[in-house]
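Reading the structure
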Amino acid sequence: MVVKTEGLLQVFSQQWTIRSVTLTYAKNYHQRVVQAVPPHAQWPNDVKVPNTDASDLLSRDVDIELLKIAVQHGSVDLNPDEQANLEVELSQGRCCLQSTSGGGLFRVVALVALKLRRSDGDIFVQVGKSNARGDPVVSCQLPGTKRKRGELPISAVRRLIRDDLAPMQ
């Protein structure tokens, strides 16, 4: 593939959306490549950059446009409030959208879970939460958090430890 610089610059000067999407993709791709190093990831290669999928590289605006197009074409059935709520989630980076083979969309939320194991094999788990009234609610799960759009898994783990597990220190 050959990209002529003059032609690309001309497209960028005339098509703000293409420029924005391309620059966001390039910036995010570079960040992912330089962060993909052992021990947190395998080395990147020409085919794969570890811990990266398209939603990590593209602008949030791409998902919002995908949603609007899908609603216009009737391939997604949302009432105006549901659409507005989803657009807010997309703009805040709390989820992303992926296309289905049938032309629909599905909402994707990336998660990280932290599995801490002692030398004797015991693991650290969350055994409950408090509800809004402060009453305990039983819930056995690994500590985890939602990954923000474009956030590296290791960054989400650090945030989990810093914010959610800080009282354990």
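This section reports on the structure supplied with the text. The shown structure was predicted, so the numbers you read here are calculated from the model rather than taken from an experiment. (Residues numbered from 1 in each chain as written. Predicted model: local features only at pLDDT ≥ 70, side-chain atom pairs only at ≥ 80, totals over all residues. Heavy atoms only, no water.)

1. Here we look at the overall build of the protein chain
Using the following cut-off: Strands here are runs of E lasting at least two residues and helices are runs of H or I lasting at least four, both read from the DSSP assignment and numbered beginning at the N terminus. We take the radius of gyration over the C-alpha atoms and set the globule estimate at 2.2 Å times the residue count to the 0.38 power. Three exposure classes are used, based on accessible area relative to the maximum for each residue type with a 1.4 Å probe and protein chains only: buried under 20%, partly exposed in between, and exposed over 50%. By definition, residues are in contact when any of their heavy atoms lie within 4.5 Å. Charge counting treats Lys and Arg as positive and Asp and Glu as negative, with His and both chain ends excluded. Lys charges are placed at NZ, Arg charges at CZ, Asp charges at CG and Glu charges at CD.
Secondary structure summary: the protein chain contains six helices and six strands in total. From first element to last, N terminus to C terminus, the protein chain shows the α and β order α-α-α-α-α-β-β-β-β-β-β-α. The C-alpha atoms of the protein chain give a radius of gyration of 20 Å, which is well past the 15 Å a tight globule of 169 residues would have. On the principal axes, the C-alpha backbone points of the protein chain span a range of 60 × 45 × 30 Å. In the protein chain, buried positions account for 25% of the 169 residues. Residue pairs in contact within the protein chain that sit at least 24 positions apart in sequence constitute 44% of those at least 6 positions apart. Put simply, the protein chain has 21 plus and 18 minus side-chain charges, and the middle of one group is 5 Å from the middle of the other.

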